[in-house]
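Given next are the chains, with one letter for each unit.
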Amino acid sequence: MSESCLTVSQLLKEDYIIPLYQRNFAWTYDEIEQLIVDVADACVEKKDAYYIGTLVVDADNKIIDGQQRTTALTLIALALKEYDSKDHIHLTFEARKTSDETLKKLLEYAKKSNEEVNFDSSNELSIGFNNAVRALKKVVDDEKKLNRGDLANYLFYNVKIFKTELANDLDLNLYFERFNSRGEQLQAHEIIKAQMMDVLKDNEDEAQKFARIWEICSQMDKAVILSFKHKSKPKDESLECEKIFSDYYDDYQLKDIYNKMETTEIGRHKLVDYLKSDKMGTEGGQENDLSTDLPTYRSLVNFETFLFYAFYITENESSENITLDDKKLLATFEEKLRGLKDDKKHDWVIKFSENLLRLRFIFDNFIIQNTYEDNKRDEINWTLKKVTRQDKKYGRIYIAINFEINTFSDLNTEIIQLQSMFAVTFTSNRDTKWLYKTMSYLFKNSEKLSDKNFSKKFKDFLEKLAVEFAEERIFAKDEKSIRTYQEGISVYAFNFIDYILWTKRNDKSFEGVFSNANQFKFKYRQSIEHWYPQNPNESENDLKKIDDENLLHSIGNLCITTQRQNSQFSNLPPKSKASWKNDFSDQSLKLQWMKHITDDSDWSETQIENMKSEIEKIVNDFIESVK
């Protein structure tokens, strides 16, 4: 598979064949007018480029996808009488002589600037051409009052289309099923890819490698190492995988990536192999390769957010100065490329793409994942495992890639707890500065990631980050007491407290308090509940309303649950809540603590005050110990 970014001028100078299986041109006046409006608006706004969509062809330049847009652009160029290729039409139709003849007549018209045309209205290309003529008059001449020469110049040299050439052995039915192009403006990350490939257009080898890195990294539910061909036997020469990631896949610096990558052959067959398997294995489907048994997982963030990480890390930007808003992604990259001199753009694009692959490899090995089935998260199956090479024997000795070993031989559980604490709190992509800070730390320490003592350093970093977030989010103005419900206490406060309680799970003072703290997992608990209800039904449960609202709404009386359980608790008295479910082992540790107290005595103002004092003490003591 090869990819390139073409201006409309370049597109009109290349010859393409529209296969017989493609439907006739079907765009209506409305669709042609909208295309002209979009281009005219971009021209008026003086955008450097307007990316209009995709064109997918095979090795013989037969159009697989994007025929409607390509034909529309041809008709608009002819209607403008500015068609570049004066000698021949760049589109031909398989077994459609009438369509070929119509385009030839339209080309003759384009050469004669003062003549009007009125072809048989029953021909779809003639109809499309006349629609283009009408739309140009309405939009360009009457409404926007644009000079047609200016519009034509912008259309030919600033409007760009992303062209993909597929391998000859591609199963087209599978292609359309899984990768069908859209008839609309490209998404932001696709435009960024096209802009960067445009910078590398003079070096086909680099452009192909860039496209491979981008495609590999964009598959956020698969480990990137699986997209590189590894050697099949220990005695074999190293292949691309070993050259890039080292013989045992433990080099996280990934130096000199472009010189170690391969191009055409592997690149062209990767998509085919991917389409033919629901599970992404290594290149070529190597015999007895257990890497195909690897699980699919749900990434903590989408690809757009990960591009932000790579961008800001390349720019060495502090977290205080970043945005993770998807809507600003394109503008962020465009501003950077505009600000670079032409002789600097190439090196920056290469550097960025190499950093992108480095970060994804680090991400795959040092950031927790959450497996899922049927597109549903398994909320407690947090894993942190690293890629390993395993030499196996199945009739012969062969090499397998596996993610079966914990990333850290010690403290792996602690690191999972810290990361999952952040993950279940900050669920929006734009709210993942914790992950950006973590990725920045790992990237800066990439040469130390294989050290035996790195687990301790990483755990210390994450705990300090947890404290930093706590100091920013959970305290009231006195910076010692925890915010009340009325002061906007955050979900993070409860998850931070649960982590502290988890670290103290074996203390004698908590003996018998928790159901099974060793098995505690962070889940997506987002509902804050008053254990003693705000508005008790006095007639039914003999509870009096607590008059001290500061106490009622304090951390001593608050817990966190799932939304479903919150509605089930309703205004029940604490005793009823505690007996609602015998097994509280999958609940928040703080909630388990409150249940334990309620089981032994009535939950009253005294218990609330004591809980408030104890929670604030253990939180402040933990913060001091981490600092």
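Use the structure listed above.
Residues numbered from 1 in each chain as written. Predicted model: local features only at pLDDT ≥ 70, side-chain atom pairs only at ≥ 80, totals over all residues. Heavy atoms only, no water.

Caption draft 1: Broad picture of the overall build of the protein chain. Scanning the protein chain from terminus to terminus reveals 25 helices and 13 strands. In the protein chain, buried positions account for 55% of the 627 residues. Looking at the protein chain alone, contacts between residues at least 24 apart form 73% of all its contacts between residues at least 6 apart. Of the roughly 28500 Å² of accessible surface on the protein chain, a fraction of 42% belongs to carbon and sulfur atoms. (Helix = DSSP H or I, 4+ residues; strand = E, 2+ residues; numbered from the N terminus. Buried < 20%, exposed > 50% of the residue type's maximum accessible area, 1.4 Å probe, protein only. Contact = heavy atoms within 4.5 Å. Areas by Shrake-Rupley, 256 points an atom, 1.4 Å probe, with all protein chains shown as cover.)

Caption draft 2: Expanded view of the side chain of Gln-369. Secondary-structure assignment places Gln-369 in strand β8 (residues 369-373). Take Gln-369: its relative accessible area is 6%, and that puts it in the buried class. The contact partners of Gln-369, leaving out residues within four places of it in the chain, are Tyr-297, Arg-298, Ser-299, Phe-363, Asp-364, Asn-381, Trp-382 and Thr-383.

Caption draft 3: Region of interest: the pattern of salt bridges. All told, the structure shown has 26 salt bridges when counted by the stated rule. Residue Glu-315 is joined to Lys-336 by a salt bridge in which the shortest nitrogen-to-oxygen separation is 3.1 Å. Taken as a pair, Glu-315 in the loop between α13 (303-314) and α14 (329-339) and Lys-336 in helix α14 lie far apart in primary sequence, 21 residues in all. Given the relative accessible area of 26%, Glu-315 is considered partly exposed. (Salt bridge = Lys/Arg side-chain N within 4 Å of Asp/Glu carboxyl O.)

Caption draft 4: Structural view of the pairing of strand β10 (residues 385-393). Across eight bridges, the pairing between β10 and strand β11 (residues 397-406) is antiparallel. Along β11, the bridge assignment pairs Lys-386 with Ile-405. Two successive antiparallel strands, β10 and β11, enclose a turn made up of three residues, where Gly-395 displays a positive phi of approximately 85°. (Pairing = 2+ DSSP bridges.)

Caption draft 5: Quick look at the sheet that holds strand β4 (residues 63-65). In space, the four strands of this open sheet follow the order β1-β6-β3-β4, with mixed pairing throughout. Taken across any chain shown, the strands that pair with only one partner, and hence form the sheet edges, are β1 (2-7) and β4. Here the strands of the sheet are splayed against their neighbours by 35° on average, with no regard to which way each runs. As paired elements, β1 and strand β6 (residues 159-165) share six bridges and run antiparallel to each other. (Axes fitted to C-alpha atoms, helices over the stretch in contact; angles between N-to-C directions.)

Caption draft 6: Representation of the environment of Asn-506. Mapping Asn-506 onto the fold places it in the loop between α19 (491-503) and β12 (527-530). What makes Asn-506 exposed here is its relative accessible area of 60%.

Caption draft 7: Structural context of the nonpolar core. If you look at the biggest cluster of nonpolar residues, it comprises 142 residues, and the most contacted ones within it are Ile-225, Phe-352, Met-439, Leu-442, Tyr-492, Phe-496 and Val-619. For this core, the element with the highest residue contribution is helix α15 (residues 342-366), accounting for eleven residues. Of all hydrophobic cores here, the second largest spans 53 residues; its members include Ile-52, Leu-75, Ala-79 and Leu-155. (Core = buried A, V, L, I, M, F, W, Y, C linked by side-chain atoms within 4.5 Å.)

Caption draft 8: Region of the structure containing unusual backbone geometry. Positioned with a positive phi, Lys-46 is a non-glycine residue whose angle comes to about 55°. Mapped onto the secondary structure, Lys-46 falls in the loop between α2 (29-44) and β3 (50-57). Even without being a glycine, Asn-61 presents a positive backbone phi close to 65°. One can find Asn-61 in the loop between β3 and β4.

Caption draft 9: Structural detail: the packing of aromatic side chains. What the rule picks out here adds up to 40 aromatic pairs. Ring plane angle 5° and centroid distance 5.8 Å describe the contact between Phe-308 and Tyr-312, whose orientation is recorded as stacked. Remark: Tyr-312 and Phe-308 occur in helix α13; sequence separation between them is four residues, near one turn of the helix. Under the relative-accessibility criterion, Tyr-312 is labelled buried at 5%. Relative to Phe-496, the ring of Tyr-492 lies with its centre 5.9 Å away and its plane at 20°, an arrangement referred to as stacked. Of the two residues, Tyr-492 and Phe-496 are both situated in helix α19; the distance of four residues between them amounts to about one turn of the helix. We classify Phe-496 as buried; its relative accessible area is 0%. Residue placement shows Arg-134 over the ring face of Tyr-29; its charged tip is 4.2 Å from the ring centre. Across the ring face of Trp-502, the terminal group of Arg-505 is positioned such that the distance to the ring centre comes to 3.9 Å. (Phe/Tyr/Trp six-rings, centres within 6.5 Å; stacked < 30°, edge-to-face > 60°. Lys NZ or Arg CZ within 6 Å of the ring centre and 35° of its normal.)

Caption draft 10: Representation of the packing of α13 against helix α17 (residues 433-444) within the structure. Packing of α13 against α17 brings their axes to within 10 Å, and their N-to-C directions diverge by 50°. With respect to α17, the axis of α13 lies oblique. Considering only the axes of α13 and α17, their crossing is right-handed. Listed contacts from α17 to Phe-306, Tyr-309, Tyr-312 and Ile-313 of α13 are Leu-435, Tyr-436, Met-439, Ser-440 and Phe-443. Partitioned by chemical class, the residues of the contact of α13 with α17 number eight nonpolar, one polar and no charged. (Parallel < 35°, antiparallel > 145°, perpendicular 65-115°, else oblique. Left-handed = near helix turned anticlockwise from the far one by under 90°. Nonpolar A, V, L, I, M, F, W, Y, C, P; charged D, E, K, R; others polar.)

Caption draft 11: Quick look at α17. If you check α17, its first and last C-alpha atoms are 16 Å apart, about what twelve residues at 1.5 Å a residue would give, namely 16 Å. In terms of burial, α17 is largely enclosed, as ten of its twelve residues are buried. Each element contacted by the buried residues of α17 is listed here: α13, α15, α16 (412-425) and α18 (454-473). (Expected span 1.5 Å × (residues − 1).)

Caption draft 12: A look at the side chain of Glu-33. Inspection of the secondary structure puts Glu-33 in helix α2. Taking the relative accessible area as the measure of exposure, Glu-33 reaches 16% and is therefore buried.

Caption draft 13: A look at the pairing of β3. Counting buried residues in β3 gives eight out of eight residues, a clear majority hidden from the surface. Here six bridges tie β3 to β6, and the two strands are oriented parallel to one another. Bridging across to β6, Tyr-51 finds its partner in Lys-160. As defined by bridge partners, β3 adjoins β4 across two bridges and the pair is classed as antiparallel. By the bridge assignment for β4, Val-56 is matched with Asp-65. Remark: five residues form the turn of the hairpin made by β3 and β4, two consecutive strands paired antiparallel; Asn-61 in that turn has positive phi of roughly 65°.

All we've got here are geometric facts, nothing functional implied.
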